[in-house]
Amino acid sequence: MAVDLLLGLQWGDEGKGKIVDVLTKEYDIIARFQGGPNAGHTLIFDGNKHVLHTIPSGIFHDKAINVVGNGVVIDPVIFKKELENLDKHKIPYTNKLLISRKAHLILPTHRLLDAASEASKGKAKIGSTLKGIGPTYMDKTGRNGMRVGDLELDNWKEKYDALTEKHIKMLDFFNVDVQYNLKELEEEFCAGIDKLKTLQFIDSEEFLNQAINSKKKILAEGAQGSLLDIDFGTYPFVTSSNTTAAGACTGLGIAPNKIGDVFGIFKAYTTRVGSGPFPTELFDKNGATMAKVGHEFGATTGRARRCGWLDLIALKYAIQVNGVTQLMMMKSDVLSGFDTIKVCTVYNYNGEEIAHLPYNIEPENVTPVYSEFKGWKEDLTSMNSSNQLPENLEIYISFIEKETGVPVKIVSVGPDRKQTILR
Ligand code: GDP
Ligand code: IMO
Ligand code: MG
């Protein structure tokens, strides 16, 4: 049985958490393959809102096993808070939340290094969530990191102390003012480790491949979005992992020939949080309306998200890099009420019209060229069947399907699990 992938095609926050939750009933295992607590995946059902950062979005279902894969970086402090939120809602997880021994740990000093690195960059800062993601992946590729499996060894504290000591020296190098109380941070960290150790640590690549052999259905859940990918995103304004389909292979130990469907999630418009180029960004009242109606504030940091029209050049690029087989269009309801809806179909790149994503998409090089569509007035939020969708929305969707060559299989019309229309 193949493994299906679900990943974001823009700059994150496309609505991955919501759709993983909707699809979980069709799967035996949900496995997160990269990223860490920089992610904020929102799920809304039965009048409750949950935001998950590290825990896979299938955790609210009775049967599915949720795996935190080797490609993920875990902050025990944040992880503990996530588990306590599940406790509060009486959601059982002990037997259905499994952690890869090969997942790396975010130390308190990784967060401090993230803060110092950003502060030292001044105006050129990435706009990181400051969760220690970059420094942790640097230690991973630099072969200095601490992994979940190390916690099963008697000497894990020695390893922790040595790495922390090194980080403190590195902090001095940045020569910026980062305030901290190491003792408090360590107490919090150790409490997090104690909680983490109540869960089962597994050899996740073995577990998942056994599951594949026994015909279990697996859905791999991505974090961030393709334009934040360390290789294919808008570097250096990206995150530190491969958010694209290949990241699921390395982040779970699954071979490429085991991949089935690739579900690509995108918003009917575009958002971005943090710094970096964004060709279709709006600074007018249309952008302000998207932000207001779409409640565009980060689920992890609460920062306002920048908003703009759909960028088909960027979307097609993401579809190509990921091999997307099905599209899911989110937040369609937010576009109700616009007289005209625009989609970027061409870039004017230094005076020349191009239809691919060039190396440099800074505003001085790229001006988006738009196709215009008639809007619709209907409120979509209580619709539940595709034949209720307004004709002008259907025209918009058909255009996207024709341009990308990929069918739009889900149209999301609100944040609740139920506000999901299959096409
Ligand atoms: P993720 O990181 O991809 O899981 O997405 P986030 O949870 O960070 O951001 C998506 C936001 O949009 C959340 O607040 C969701 O509750 C909300 N949302 C998801 N789908 C829809 C939708 O179709 N319509 C509206 N209005 N909100 C949605
Ligand atoms: P989900 O999974 C949106 C952005 C940050 C910053 C850049 C680097 O919820 O879609 P990092 O903390 O990784 O060093 O930040 O990436 N970023 C996200 N933006 N959604 C996310 O995750 C993000 N995770 C990181 O804002 O610009
Ligand atoms: Mg998010």
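Numbering of residues starts from 1 in each chain and follows the order in which that chain's sequence is written. Chain letters start at A and ligand numbers start at 1, both assigned in the order the entries are written. Totals for whole chains, interfaces and linings use every residue, but because this is a predicted model, local features are given only for residues with pLDDT of at least 70 and side-chain atom pairs only at 80 or more, for both listing and counting. Each side-chain value is derived from all of the structure's non-hydrogen atoms; neither hydrogens nor water enter the calculation.

Points about the pairing of strand β5 (residues 65-68)
Direction of pairing for strand β2 (residues 29-32) relative to β5: parallel, over a ladder of four bridges. From the neighbouring strand, Ile30 faces β5, where its bridge partner is Asn66. Note that β5 and strand β7 (residues 97-100) share three bridges and pair parallel. Within β7, the position partnered with Val67 by the bridge is Leu98. We treat two strands as partners when DSSP finds at least two bridges between them. Helix numbers and strand numbers start at the N terminus; a helix is a DSSP run of H or I with at least 4 residues, a strand a run of E with at least 2.

Re helix α10 (residues 312-322)
Among the residues of α10, Leu312, Ile313, Ala314, Leu315, Ala318, Ile319 and Asn322 are the ones counted as buried. Under this definition, polar contacts are N or O atom pairs within 3.5 Å; protein pairs additionally need one hydrogen-donor-capable and one acceptor-capable atom, and for neighbouring residues in sequence, both atoms have to be side-chain atoms. Where α10 begins, one side-chain oxygen reaches toward the backbone nitrogen of Ile313, 3.0 Å away; that side chain belongs to Asp311. Two residues or fewer after α10 comes Gly323, characterised by a positive phi angle close to 65°. Per-residue accessibility, obtained with a 1.4 Å probe over protein chains only, is compared with the maximum for each type, and a residue is labelled buried under 20%, exposed over 50%, and partly exposed between these values.

Notes on the coordination of the magnesium ion (ligand 3)
Distances define the donors: N, O and S atoms within 2.8 Å of the metal qualify, as do those within 3.2 Å of Na, K or Ca. Water is excluded, so some sites may look unfinished. Bound to the magnesium ion (ligand 3) on the protein side are Asp13 (OD) and Gly40 (O), at distances that span 2.1 to 2.2 Å. Here Asp13, found in the loop between β1 (3-8) and α1 (16-23), pairs with Gly40, found in the loop between β2 and β3 (41-45); they are 27 residues apart in sequence, far enough to count as distant. Of the residues examined, Gly40 reaches a relative accessible area of 11% and is grouped as buried.

Comments concerning the site of ligand 1
Throughout, the term near means that a residue has one or more heavy atoms lying within 4 Å of the molecule or strand in question. Among the 20 residues in the neighbourhood of ligand 1, the closest are listed as Gly15, Lys16, Thr42, Asp333 and Ser412. In this structure, an oxygen atom belonging to ligand 1 sits 2.8 Å away from a main-chain N or O atom of Gly15. Ser412 is positioned such that a nitrogen or oxygen atom in its side chain is 2.5 Å from an oxygen atom of ligand 1. Computed with a 1.4 Å probe, the accessible areas rest on the Shrake-Rupley method; for each residue, only the protein chains presented here act as cover. Against a free-state accessible area of 580 Å², the protein chains account for coverage of 92% of ligand 1. At the level of secondary structure, the elements contributing two or more residues to the shell around ligand 1 comprise α1 and β3.

Things to note about the pattern of salt bridges
What makes a salt bridge here is a side-chain nitrogen of Lys or Arg within 4 Å of a carboxyl oxygen of Asp or Glu, nothing more. For the structure shown, the criterion picks out 23 salt bridges. Salt-bridge contacts for Lys80 lead to Glu84; the nearest nitrogen and oxygen are separated by 3.0 Å. Here the residue Lys80 and the residue Glu84 both occupy positions in helix α2 (residues 76-88), the gap between them amounting to four residues, near one helical turn. With a relative accessible area of 35%, Glu84 lands in the partly exposed category. Within the structure, one salt-bridge network assembled from shared partners comprises Asp13, Lys267, Glu296, Arg305 and Lys331.

Concerning the packing of aromatic side chains
Here the aromatic set is Phe, Tyr and Trp, taking the six-membered ring for Trp, and pairing holds for ring centres within 6.5 Å; pairs whose planes are under 30 degrees apart are stacked, those over 60 apart are edge-to-face, and all others are tilted. Evaluated as defined, the whole model comprises nine aromatic pairs. Judged by centre distance (6.4 Å) and plane angle (70°), the ring pair of Trp156 and Tyr160 falls under edge-to-face. Highlighted residues: Trp156 and Tyr160, both in helix α5 (residues 156-174), separated by four residues, approximately one helical turn. The two residues Trp156 and Tyr160 agree in class, both being buried. Their ring planes at 20° and their centres at 5.0 Å tell us that Tyr160 and Phe189 sit as a pair that is stacked. Residue Tyr160 is found in helix α5, and its partner Phe189 is found in helix α6 (residues 182-196); the two are separated by 29 residues along the sequence. Classification of Phe189 as buried rests on a relative accessible area of 1%. Geometrically, a lysine NZ or arginine CZ counts as sitting over a ring once it is within 6 Å of the ring centre and also within 35 degrees of the ring normal. A cation over an aromatic ring shows up here: Lys217 above the ring of Tyr27, its NZ or CZ 4.8 Å from the ring centre. A cation over a ring is seen here: Arg417 above Phe45, with NZ or CZ 3.9 Å from the ring centre.

Keep in mind these values describe shape, not function.
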